[in-house]
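Residue-level listing of the chains:
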Amino acid sequence: MGDMIRVEGLYHSYSHNEDYSVRDVSFSVAEGEIFGFLGPSGAGKSTTQNIITGLLPMQKGKVEVAGHDMRKPSLKLYNEIGVSFEQPNLYAKMTAVENLAFFASLFDVPCRGPMELIRMVGLESSAKKKCGEFSKGMRQRINFARSMINDPKLWFLDEPTSGLDPAIAADIKDIIKKRNQEGVTVFLTTHSMSIADDLCDRVAFIVDGEIKLIDSPKELKLRFGKSFVDVEYVLDGQIRRQSLSTEDEEDKRALKDIIDHCQIRRMHTEEATLEQIFIKVTGKELIGDETAAEHTA
Amino acid sequence: MKLLPSIRRELTLLSRSIYFYSEIAVAVICLVVLLFVMPEHFDARATEYAFIDLPREQAEAMEEALFADAGPAEGVTLKNRGHEIPARLYTTDMKYVYVVDNRASLSALCEDTGHIGTLLHEPGADPAYEYFLQGNETARYKEYVTLLLSSDFNELLDAADKQEVRALEENPRKLADRQSVLPLMLSVNCVLMGILVTAGYIVEDKKTKVIKALRVTPSRMGVYLTAKMSAVTLTSLAVGLIITAPVMGGGANYFLLCLIIVCGSFFTVSIGALLASFFEDIGKAFTAVFAILVVLMIPGILSMIAGLNAPWVKVIPSYYIVESVKESLLDRDAGYVLLCCAGLAAGGLILMPLSARRYKAAGIGVGG
């Protein structure tokens, strides 16, 4: 199978100088793969995705998407890709059906029916309501549905489960998995490591505009993973929580110290998460991640 | 064909937008003002008071001679300072003259109403005039009065009769006073407002990031801008016809009028689209839009000032919109209107692709 996305030596500066938001980024995404692009806010995820989808002009480097050179992207490319943005961007004065029907009319390929997609994201009872009356979660689901309207073979998803309740988020993840099994390549941008862990074949960690590491979650856990003890204790009248490695000597000493001198409220072991690995590799925390907990390296 | 669905979308949004109904409401208000508040012809005749201070028989003869062309007098009663003053009203082409029967009434009326008065008396062989001016008359008017008094009136009449008058145009068609407001009203409400409305719509689309969603479809930015232009132009045409049809009736050339509204709107929408590409914030965009609107409104405002000749105003493109609207309303110089339409369309054709390129190349509407 060939590559759906190939990025080589990509640089981008909003101020058109040496102050790069994205610096020497290189990676490729194989056909049929779910590729996670992970990093905290401001790491360069959206800039990279905007360049790959043709929303930002290319400055330096080489990008190929579904065989199209992104230096001069052809409009035909957009018949082959679907993009779901983090912030819902729909016509507030149009209904969900009208929104999807309008966007379907802009493609040159056969499109899926608006109602079929609306049913898929569980909003059939609100299909004829104006999107301006929707909650953020509902708008997010219509946004997600819209990105499937042209049955794309390459699917860009930016925080697809952000702001959704767990049940709906699980449904969305199931849809992504199903579409991937049907052969769709997925480029997933997120700062939620749990989603990346659930869905991605490979992940790239990006921090300060640079890719620090690319590998599969399984391999990363083998390479960097350690067991942790999650301990909640009382010190000086305050409740504290720490995750301490059962392998690291310093952590082991700290754990013994807590047990000897503090009142333990709760303590259990846990396997290393992708997030812990991210912190270990990049030295940065993923601010805003709903799965994030306090860690002490 | 992606243009038709895009236009349909814009019309759907338009029909659900308060802007559209506001514009229609403003058009209806303008129409009501034109039809029911503004007279068809302004009455520019001045009011004057006069008293002929001569013995009764001589005064009557003098009054008859002076107002021979004005037709019979109308007996009226003027009210002043709680008193009723009997007067005879003579209506000429130039003024309304109230002839009263004593100096005190003349003086009181001039003092209280702000109009000028003339007292005619005959101290010697020739009649003498005494003018009651207000003090705010121009130097030119005072010189004019002095000239009349110091010259032989018959000589002046002879000189006026001998003056050769050459008409540049035989029976020129003019707009009635009520209709003469239309070029300004239509150029502002129907054409220039296109800048404001377009900038408003596009900055709103940037704010809600729908432009970003459109950018990842196989539809060109030009299609988006053309659809916007179609919606704004349709509103302009509706507004234009609502105001024009009841005021002009069948007297205007509606084909030319619609053409100048369409071409003018194309030009102004292109300006609005280009301006909107520079701003993410609606407040900042409107500051720039209003500054440009004020400049473009100058030719329309100057066209309302009779006798003002300002050649520099021809540098402002909206001058040609105002003049073309005027020519269309008078159904006069179709060639001039068509030439202006071509110029405005050419301006739009330069600006529109420039805007489309800015939205695409600069990644506008992508941020956030």
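Keep in mind it's a predicted model, so treat the numbers as computed, not measured.

Thresholds, definitions, all that
- Residues numbered from 1 in each chain as written.
- Chains lettered and ligands numbered in written order.
- Predicted model: local features only at pLDDT ≥ 70, side-chain atom pairs only at ≥ 80, totals over all residues.
- Heavy atoms only, no water.
- Pairing = 2+ DSSP bridges.
- Helix = DSSP H or I, 4+ residues; strand = E, 2+ residues; numbered from the N terminus.
- Contact = heavy atoms within 4.5 Å.
- Axes fitted to C-alpha atoms, helices over the stretch in contact; angles between N-to-C directions.
- Domains from an automatic or database assignment.
- Parallel < 35°, antiparallel > 145°, perpendicular 65-115°, else oblique.
- Left-handed = near helix turned anticlockwise from the far one by under 90°.
- Buried < 20%, exposed > 50% of the residue type's maximum accessible area, 1.4 Å probe, protein only.
- Expected span 1.5 Å × (residues − 1).
- Arc of directions from axis to C-beta.
- Polar contact = N/O pair within 3.5 Å; in protein donor to acceptor, adjacent residues only side chain to side chain.

Attention shifts here to the sheet that holds strand S2 (residues 22-30) of chain A. Residues and elements named next belong to chain A. The sheet built from four strands is open, its strands ordered S2-S1-S4-S5 with antiparallel pairing. Of all the strands in the sheet, just S2 and strand S5 (68-69) have a single pairing partner and so form its edges. Across five bridges, the pairing between strand S1 (residues 3-12) and strand S4 (residues 60-65) is antiparallel. The partner of Tyr 11 across the bridge, within S4, is Lys 60. Against the sheet, helix H1 (residues 45-52) contacts S1, S2 and S4, and its axis sits at roughly 120° relative to S1.

One can read the domain layout of chain B as domain 1 (3-39 + 176-361) and domain 2 (46-155). Computed from C-alpha atoms alone, the centre-to-centre distance between domain 1 of chain B and domain 2 of chain B is 52 Å.

To continue, consider the packing of helix H7 (residues 182-207) of chain B against helix H9 (residues 221-248) of chain B. All names here are of chain B. Interhelical geometry of H7 versus H9 gives an angle of 155° and a closest axis separation of 10 Å. Relative to H9, the element H7 lies roughly antiparallel. In the packing of H7 onto H9, the handedness of the crossing is right-handed. Residues Leu 182, Met 185, Leu 186, Asn 189, Cys 190, Gly 194, Val 197, Thr 198, Tyr 201, Ile 202 and Asp 205 of H7 form the contact with H9, whose own contacting residues are Tyr 224, Leu 225, Lys 228, Val 232, Ser 236, Val 239, Gly 240, Ile 243, Thr 244, Val 247 and Met 248.

All names here are of chain B. You can see Glu 48 is positioned in strand S1 (residues 46-53). A residue is classified by how much of its surface remains accessible, and Glu 48, at 12% relative accessible area, is buried. Excluding anything up to four places from it in sequence, Glu 48 contacts Lys 95, Tyr 96, Val 97, Tyr 98, Ile 116, Thr 118 and Tyr 141.

What follows covers unusual backbone geometry. Residue and element names in this part refer to chain A. Of note, the phi angle at Ala 66 is positive, near 50°, even though the residue is not glycine. By the element assignment, Ala 66 lies in the loop between S4 and S5. Among the residues examined, Ala 66 registers a relative accessible area of 16% and is labelled buried.

It is worth spelling out helix H9 (residues 249-261) of chain A at this point. Residues and elements named next belong to chain A. Counted at 1.5 Å a residue, the expected span for H9 with its 13 residues is 18 Å, and the 18 Å between its end C-alpha atoms agrees. Asp 251, Leu 255 and Ile 258 are the residues of H9 that are buried. The arc that holds the buried residues of H9, viewed along the axis, is 60°, so those residues lie on one side. In H9, the exposed residues that point more than 90 degrees away from the buried face are Glu 250, Arg 253, Lys 256 and His 261. If you follow the buried residues of H9, they end up packed against strand S11 (228-235), strand S12 (238-245) and strand S13 (263-270). Where H9 begins, one side-chain oxygen reaches toward the backbone nitrogen of Glu 250, 3.1 Å away; that side chain belongs to Asp 248.

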